[in-house]
Amino acid sequence: MTTHNDKTPSPLYEVRISPVHGRGVFARRKIAAGKRIIEYTGERIDWDETCRRAEEKGGPINHTFFFTLSNGMLIDGGANGNEARFINHSCEPNCEAVEEDDRVYIHALRPIEKGEELNYNYGLIYEERHTPAVKKAFACYCGAPSCSGVMLAPKKRSRRK
């Protein structure tokens, strides 16, 4: 009779209901600073397809799982994506998204305690005017002391001459 002593570590994270928004991803054990936690996966699509899918779902682009790559393509985490799509935004994140060779990985910015919700700053780019309605559509509920109230990256100010 053979016995194994399986020392496989428990998964780093689990998805469950979040106090911030919908579902969230939580640390199942302590995670060291700098640790690669998960890859953000999904179908790779172009901007036209992104707009078509957002319109088809009847909602603004902010209520999707789209992640923009530096090459202009997007990852649709809602199409064959994994648990990374449930990582919520925070104005004071404990993780960051790192793009490497057209792939996106979520890394811990600092040590993360067991049970802590994983989050990163989405820094969403919205070219149009940031009206009150737009800010409401992109509202942030992270609760961080420095919360800006929105998931949008600040607009770049143009210099007047």
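For the structure given in this document, a descriptive report is provided here.

1. Side note on the packing of aromatic side chains
Each pair of aromatic rings is reported with the distance of its centres and the angle of its planes.
Right, on to step 1. Tallying each qualifying case throughout the model produces four aromatic pairs.
Right, on to step 2. Arranged with centres 5.9 Å apart and planes meeting at 80°, the rings of F65 and F86 form a pair that is edge-to-face. Here F86 lies in the loop between strand 6 (74-76) and strand 7 (88-89) and F65 lies in the loop between helix 1 (47-56) and strand 5 (66-68), a separation of 21 residues in the sequence.
Right, on to step 3. Note on F67 and Y120: the rings are 6.2 Å apart at their centroids and 50° apart in plane angle, and the pair reads as tilted. Here F67 is found in strand 5, whereas its partner Y120 is found in strand 10 (residues 119-120), with 53 residues between them in sequence. The burial state of F67 is the same as that of Y120; both residues are buried.
Right, on to step 4. Three or more aromatic residues link up through ring pairs in this structure, and these residues are Y40, F67, Y120 and Y122.
Right, on to step 5. Cation over ring: R16 sits above F26, and NZ or CZ is 4.0 Å from the ring centre.
Right, on to step 6. When the ring centre of Y105 is taken as reference, the NZ or CZ atom of R36 above it lies at 3.6 Å.

2. Thoughts on the sheet that holds strand 8 (residues 95-100)
Right, on to step 1. Strand order in the open sheet formed by three strands is 3-9-8, and the pairing between neighbours is antiparallel. If you trace the sheet from one side to the other, it starts and ends with strand 3 (36-40) and strand 8, each paired once. Here the average twist between neighbouring strands, direction ignored, is 30°.
Right, on to step 2. Note: strand 8 against strand 9 (residues 103-108), six bridges, orientation antiparallel. Bridge assignment links C95 to a residue of strand 9, and that residue is A108.

3. Remarks on the pattern of salt bridges
Right, on to step 1. By the definition in use, this model includes ten salt bridges.
Right, on to step 2. The salt bridge partner of R52 is E49, with a shortest N-O separation of 2.7 Å. Linking R52 with E49, this pair stays in helix 1, spanning three residues, or about one helical turn.
Right, on to step 3. R53 is the partner of E49 in a salt bridge, and the nearest nitrogen-oxygen pair spans 2.7 Å. Of this pair, E49 and R53 both sit in helix 1, four residues apart, roughly one helical turn.
Right, on to step 4. Look at R53 and you get buried, because its relative accessible area is 12%.
Right, on to step 5. One network of salt bridges, with partners in common, ties together E43, E49, R52, R53, E56 and D76.

Cut-off values and rules
Residues numbered from 1 in each chain as written. Predicted model: local features only at pLDDT ≥ 70, side-chain atom pairs only at ≥ 80, totals over all residues. Heavy atoms only, no water. Phe/Tyr/Trp six-rings, centres within 6.5 Å; stacked < 30°, edge-to-face > 60°. Helix = DSSP H or I, 4+ residues; strand = E, 2+ residues; numbered from the N terminus. Buried < 20%, exposed > 50% of the residue type's maximum accessible area, 1.4 Å probe, protein only. Lys NZ or Arg CZ within 6 Å of the ring centre and 35° of its normal. Pairing = 2+ DSSP bridges. Axes fitted to C-alpha atoms, helices over the stretch in contact; angles between N-to-C directions. Salt bridge = Lys/Arg side-chain N within 4 Å of Asp/Glu carboxyl O.

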